[in-house]
Amino acid sequence: MAGQYPLTWELDTIYEGGSASASLLQELKGMETDMARLDAGLAGESLPDADRLAQLTEVVQSVLLRLRETDSFVTCLMAANMRDTAANSLNDKVKTLSAMFIGVLTRYDNALRAYPDSVWAALLKHEKLSEIAFSLQERRELAKRKMAPELEALAGDLSVDGYHGWGDYYNTIVSRAKFTDVGSDGARRSLSAGQMHNRLSEGERSVRQAAFAEWERVWSEQGDLCAEVLNRISGFRLKLYDKRGWTSVLQEPLQMNRMSEATLTSMWTAIQDGKQSLVRYLERKAKLLGVEKLDWHDVEAPLGASARIVPYEEAAEFIVEQFREFSPELAEFSKQAFAKGWIEAEDRPGKRPGGFCTSFPKSGQTRIFMTYSGTASNISTLAHELGHAYHQHVMNDLPPLSQEYAMNVAETASTFAELIVSDKALKTASDADEKLGLLEDKIQRSVAFFMNIHARFLFETRFYELRREGLVSAETLSKLMEEAQREAFSDMLGEAHPHFWASKLHFYLTDVPFYNFPYTFGYLFSAGIYARAQQEGPAFAGKYVALLRDTGRMTVEELASFHLGVNLEESDFWREAVALTADDVQLFIEMTNA
């Protein structure tokens, strides 16, 4: 079986030649031409009739598909080699085209909002518009809450070298950050951020302590630069919101995730009320590690029994096997992703930290990025990203506008895939040590989503409150971060991670503000879906695909009501989902009593 699954991804089937791809440049030029044609079609004084609007909408969807394709390709090039200067140049071109498209879309959306209500209702019955009615209605309503079209277009143009430029500069900071690791033989070696991050979850506590000290030292040195970037990104957002008349920093992320503030509030309330079981877990783990309280690097550290390094091939087969129990289609899709080189997993210098899945909707493919070192967390990441990939796979035949699903439901699919793997492995484990390791890895996800993500949400919310008053220093950011961590972890931390705000890419993503609470939503929503799958058995696989296919054409409240029969704005669903963790913690306590 050795060598069956490549460790590096294959990109030439998308655009041959990497950052020197001639076909990519041709694609970019084609989009530019089509956007100019679309802009000209919207320039008339009279509003397009139904047939003309349908034609213009087809162009919009075609450009959207290709823009996602090219953006994903450049993202892959930059992640795999942060020093690929040609890829950085291509990224600038794609960002420029994205800004141009935003300008054209602003005029398109303004046309949508200009139709009288009676005319609009008739337009949505057109055969080529009815299937994307939800998306068109959503765009029309959002246009009513924005600035005048010419101002929105101007903001988009200025964002390329301003807003998005600051986000790109953060990637430069990460690429230049160097970490020194001292091996067991005393030899010193330089590691990238991605490699060093894996060292933070080593089984040997002394190794973790040394790695964490180095991690904090380097990010402290980069703190002033990171603070400058974060201040500029947030300042741009706040000024834009102000010009639109938006008073809440949550308005955009809630709209992007198609969820109400009532749903968000109900979710966090249920989590806060249900954290006591995780407090018991953290207390027990501290006792097992022989410390009074867990330091940050201890929280995700494996216990001795779970520290086995799992080869990549074995992990791949394990994931596919567990997926097959739920859905043969999901299993075959995942096996194809491994076999065809859709996954970049090699542990090498020069890669950016973290993991992601990105879609190529024009090609009908996806690519997964991570740095695999054989830990239980790495296996979870693989399953997680394959869940994302399958989500896109079942939507590839839908109109491009109907494929635009929000981050929170995207995280539902990925977390559901994690649950399949972890729960099945836990139930079938025959060895007590192995079972304990799997159980702890499962509980760790609850800690991440209920506590770590909560800390990020608290930090970001409070940071924006301060940013309205002026620039926020690196020292204040670290103080805010530590306070948020201690609160979110119910004061169960020993040493916190004050420079987490500097090390975490999610705070610097300009396309998605508040890149935190959608993860927790996805985790809990998927828990409810998984419980339904357990009740209904194999027949649920088809219902699950139907739910995924609707994620781009319903609000999350509509999705939950239609497919699950629950009200997300009330607390019952969330409390039941949070309570599932208590059973895992109780089993962990019982297994570690000895």
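Everything here concerns the structure above.
From a predicted model like this one, the values you see are computed outputs, not experimental measurements.

**Things to note about the overall build of the protein chain**
- When helices and strands are tallied, the protein chain shows 25 helices and 5 strands.
- Computed over its C-alpha atoms, the radius of gyration of the protein chain comes to 24 Å, within 12% of the 25 Å expected for a compact globule of 594 residues.
- The dimensions of the protein chain, computed from C-alpha atoms along their principal axes, are 80 × 55 × 50 Å.
- Classification of the 594 residues of the protein chain by burial places 57% in the buried group.
- Within the protein chain, counting contacts between residues at least 6 apart in sequence, those at least 24 apart form 76% of the total.
- Taken as a whole, the protein chain presents about 24300 Å² of accessible surface, with 50% of it coming from carbon and sulfur.
- Between the mean site of the 63 positive side-chain charges and the mean site of the 86 negative ones, the protein chain shows a separation of 1 Å.

**What about the packing of helix H12 (residues 261-273) against helix H19 (residues 432-467)?**
- Between H12 and H19, the least distance of the axes is 11 Å, while the angle of their chain directions is 125°. With respect to their mutual orientation, H12 and H19 come out oblique. Relative to H19, the crossing made by H12 is left-handed. Only Phe449, Phe450, Ile453, His454 and Phe457 of H19 make contact with H12, whose side of the interface consists of Leu264, Trp268, Ile271 and Gln272.
- Split into classes, the residues belonging to the contact of H12 with H19 amount to 7 nonpolar, 2 polar and no charged.

**Points about H12**
- Here H12 contains 13 residues, and its C-alpha end-to-end distance of 18 Å stays within 8% of the 18 Å for a straight helix at 1.5 Å per residue.
- Of the positions making up H12, those classed as buried are Thr263, Leu264, Ser266, Met267, Trp268, Ala270 and Ile271.

**Digging into the packing of helix H6 (residues 149-161) against helix H7 (residues 163-176)**
- Two numbers describe how H6 lies on H7: the axes approach to 4 Å, and their chain directions differ by 25°. Looking at the two axes, H6 sits roughly parallel to H7. Seen along the crossing, H6 lies across H7 with a hand that is right-handed. Taking contact as the criterion, the partners of Leu158, Ser159, Val160 and Asp161 in H6 are, on H7, Tyr163, His164 and Gly165.
- Its residues assigned to classes, the contact of H6 with H7 shows 3 nonpolar, 3 polar and 1 charged.

**Some thoughts on the packing of aromatic side chains**
- Tallied over the full model, the rule gives 38 aromatic pairs.
- Taking 6.1 Å as the distance between ring centres and 5° as the angle between the ring planes, the aromatic pair formed by Phe459 and Phe463 counts as stacked. Of the two residues, Phe459 and Phe463 are both situated in helix H19; the distance of 4 residues between them amounts to about one turn of the helix.
- Classification of Phe459 by relative accessible area gives buried; the value is 1%.

**Focus: the pattern of salt bridges**
- Counted under the stated rule, the structure contains 37 salt bridges.
- The closest approach of N and O atoms between Arg232 and Glu228, which form a salt bridge, is 3.1 Å. Here the residue Arg232 and the residue Glu228 both occupy positions in helix H10 (residues 223-244), the gap between them amounting to 4 residues, near one helical turn.
- Among the residues examined, Arg232 registers a relative accessible area of 31% and is labelled partly exposed.
- For Glu482, the salt bridge goes to Arg486, with nearest N and O atoms at 3.0 Å. Of the two residues, Glu482 and Arg486 are both situated in helix H20 (residues 474-488); the distance of 4 residues between them amounts to about one turn of the helix.
- Among the charged side chains, a salt-bridge network with shared partners connects Arg205, Arg208, Asp295 and Asp298.

**Section: a negative patch on the surface**
- On the surface, Glu569, Glu570, Asp572 and Glu576 cluster together into a patch of negative charge.
- Mapped onto the fold, Glu569 is located in the loop between helix H24 (556-564) and helix H25 (571-591).

**Some points on the environment of Gly494**
- Considering the arrangement of structural elements, one finds Gly494 in the loop between H20 and helix H21 (500-503).
- Sequence spacing of Gly494 and Glu292 is 202 residues, and the spatial spacing of their C-alpha atoms is 7.8 Å.
- Residue contacts for Gly494: discarding those within four places in its chain leaves Lys293, Leu294, Asp295 and Arg486.

**Concerning the nonpolar core**
- Grouped together as the largest cluster of nonpolar side chains are 148 residues, with contacts concentrated most on Phe323, Phe338, Phe459, Trp501, Tyr508 and Phe517.
- Beyond its immediate sequence surroundings of up to four residues, Trp501 is in contact with Gly223, Cys226, Ala227, Leu230, Phe459, Ala474, Leu477, Ser478, Met481, Phe507 and Tyr508.
- Counting 46 residues, the second largest nonpolar core, distinct from the first, contains Leu11, Met31, Met78 and Leu401.

**Focus: the pairing of strand S2 (residues 188-191)**
- In this structure, strand S1 (residues 179-182) lies alongside S2, joined through 4 bridges in antiparallel fashion. The residue bridging Val182 from the neighbouring strand is Arg188, located in S2.

Conventions adopted
- Residues numbered from 1 in each chain as written.
- Predicted model: local features only at pLDDT ≥ 70, side-chain atom pairs only at ≥ 80, totals over all residues.
- Heavy atoms only, no water.
- Helix = DSSP H or I, 4+ residues; strand = E, 2+ residues; numbered from the N terminus.
- Rg over C-alpha atoms; globule rule 2.2 N^0.38 Å.
- Buried < 20%, exposed > 50% of the residue type's maximum accessible area, 1.4 Å probe, protein only.
- Contact = heavy atoms within 4.5 Å.
- Areas by Shrake-Rupley, 256 points an atom, 1.4 Å probe, with all protein chains shown as cover.
- Lys, Arg positive; Asp, Glu negative; His and termini not counted.
- Charge placed at Lys NZ, Arg CZ, Asp CG, Glu CD.
- Axes fitted to C-alpha atoms, helices over the stretch in contact; angles between N-to-C directions.
- Parallel < 35°, antiparallel > 145°, perpendicular 65-115°, else oblique.
- Left-handed = near helix turned anticlockwise from the far one by under 90°.
- Nonpolar A, V, L, I, M, F, W, Y, C, P; charged D, E, K, R; others polar.
- Expected span 1.5 Å × (residues − 1).
- Phe/Tyr/Trp six-rings, centres within 6.5 Å; stacked < 30°, edge-to-face > 60°.
- Salt bridge = Lys/Arg side-chain N within 4 Å of Asp/Glu carboxyl O.
- Patch = residues over 30% accessible without salt bridge, like charges linked within 9 Å, V, L, I, M, F, W, Y side chains within 5 Å.
- Core = buried A, V, L, I, M, F, W, Y, C linked by side-chain atoms within 4.5 Å.
- Pairing = 2+ DSSP bridges.

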